[in-house]
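Results of the structural survey
Take a look at the letters that make up each chain.
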Amino acid sequence: DSNDITEVQNYTKAKYAKPNEELFGVAKGKNVIKIHLESFQSFLIDYKLNGEEVTPFLNSLVHDQNKNFTYFDNFFHQTGQGKTADAELIMDTSLYGLSQGSAFSTKADNTYQALPAIIDQQQGYTSAVFHGDGKSFWNRDNIYKNLGVNKFYYDSYYDMSEENTINYGLKDKPFFEESVPYLKDLEQPFYAHMMTLTHHHPYLIDEDEATIEPAKTGDPSVDRYFQTARYLDEALEQFFKDLKEAGLYKDSVIMIYGDHYGISENHNRAMKEITGKEITPLKNAELQRVPFMIKIPGVDGQGVNHEYSGQTDVMPTLLHLLGIKAQDYILFGTDLFSKDHKEFVPFRNGDFVTPKYSYVNGIFYDNESKKKISEPTEDMLKTKEKALHELELSDKVLNGNLLRFYTPNKEWEPVDTSEYFYPEKKV
Ligand code: GP9
Ligand code: MN
């Protein structure tokens, strides 16, 4: 009830980090292009397989200051069983997914105060999601309405011929290629979410499209993981060229993120060969890093930023860049560029990481020595409680559909789902 939402509100308002004044509003009115790297873990960045870079293009964004990206190398996914759907939810609502199942499937009819709806109402942004799979996968065609997604380009908008598809759906190269004309036609400013798919378990790729040898651990999906990552990297490079040609690159905010791990703990033997290290519980937590990169027009990139951070932090960051007060909303993350950003990253299972120590499967570890901490400090124990509390509050929001009792500000209008349609493409 409304008491519960007050409890949540008190928590998120206390956690709130005020914007960095220099960046507040710098991207107001700019197009935003958000690129989803399917199953992409940060260990791929700068990784060399047989002496060869796996993702040379992404590496170039990380290392070339002229490309103006800031790369967060201590950014973690926070997803649970909802995988891709959790990543989408977290990034656009700054809530956590559920402890079981996917909120996209079971909480599609909830009230949300999500990024697409907010930036539409406040600044007239058109939001669009692009994805080469059926529209009902993860119940997207239902929940997107409540998130305020204006347009959804799904399989019927693409050439899904046999040579264009593999595994779950459309290959990333035709996906980006065929998306550019749709992007050009979108009313500006837009918030476009490009969701890739080829780099997905079990990492299938046609032989003539593989431009790097597989790894040789003998674990087939781990071995192919590098080949589909390379394919994704090439698709992205082409997309950047096409965006430049379309005049959509220079003046757009571009965000790139990984949704969740691609290699589960079932592959620890092979991953020991890949990383050269035993996959301990702590190492496994460390491997939950996914990339987050952002380019902001008119703002110099910082190169590599080491802030400990997670997917919940993206929405407040973007709101502030667009000049919208994140403080009005119920958000569990904090602005990555704020000097008050909280370096505390809960995972969905209650584990968490901080710059100095991590808590994994009931044990505290020192990040530097990798040793177990046998006598955790008062502060550590409090942080552990805080992680659980935060997840519990987020669960309350979703399970109690609590945002229906919350009015962010006087401008906010509840989303009316009857105004949203995702028709098949007309031929
Ligand atoms: C399917 C794609 C995959 O459309 O988004 O979802 P995942 O299996 O990664 O959750
Ligand atoms: Mn995914």
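I will try to describe carefully the structure that is included in this document.

Reading guide: rules and limits
Numbering of residues starts from 1 in every chain and runs along the sequence as written. Written order determines the labels here, with chains lettered from A and ligands numbered from 1. Residues qualify for local features only when their pLDDT is at least 70, as the model is predicted, and side-chain atom pairs are given and counted only at 80 or more; totals for whole chains, interfaces and linings, by contrast, use all residues. Excluding hydrogens and water, the side-chain figures rest on all heavy atoms present in the structure. Here, a salt bridge means any side-chain nitrogen of Lys or Arg that lies within 4 Å of a carboxyl oxygen of Asp or Glu. Where helices and strands are cited, they refer to DSSP runs of H or I of at least four residues and of E of at least two residues respectively, numbered from the N terminus. Any two of the Phe, Tyr and Trp rings considered here, Trp counted by its six-membered ring, make a pair once their centres fall within 6.5 Å; the pair's planes then place it as stacked at under 30 degrees, edge-to-face at over 60, or tilted in between. Under the scheme applied here, a residue whose accessible area is under 20% of the maximum for its type counts as buried, over 50% as exposed, and between as partly exposed, the area being computed with a 1.4 Å probe on protein chains only. Strands pair, by our definition, only if DSSP identifies at least two bridges between them.

Under the criterion given, the structure shown has 16 salt bridges. In this structure, K18 and D340 form a salt bridge, with 3.3 Å as the shortest nitrogen-oxygen distance. Of this pair, K18 sits in the loop between α1 (2-15) and β1 (32-37) while D340 sits in the loop between α11 (314-322) and β15 (345-346); the two residues are 322 residues apart in sequence, bridging distant segments of the chain. The network of salt bridges with shared partners includes D4, E7 and K396.

The next subject is the packing of aromatic side chains. All told, the structure shown has 37 aromatic pairs when counted by the stated rule. Each ring, one from Y203 and one from Y225, has its centre 4.9 Å from the other, and the planes form 85°; the classification is edge-to-face. Of this pair, Y203 sits in the loop between β10 (190-195) and α8 (220-245) while Y225 is found in helix α8, placing the two residues 22 residues apart along the sequence. We note that Y203, like Y225, is buried.

What follows covers the pairing of strand β4 (residues 69-72). Across the two faces of β4 the burial is the same, with F69 and Y71 and T70 and F72 all buried. Pairing of β4 with strand β12 (residues 292-295) involves four bridges; the strand directions are antiparallel. Note that in β12 the partner of F72 across the bridge is F292. Sheet topology note: the β4/strand β13 (residues 303-305) ladder contains three bridges and is parallel. By the bridge assignment for β13, T70 is matched with G303.

Turning our attention to the pairing of strand β18 (residues 363-366). Pairing of strand β17 (residues 357-360) with β18 involves four bridges; the strand directions are antiparallel. Bridge pairing links V360 to I363 in β18. Taking the residues that link successive antiparallel strands as the turn, the β17-β18 hairpin has two residues, and the phi of N361 there is positive, at about 45°.

These results come straight from atomic positions and should not be treated as a statement about function.
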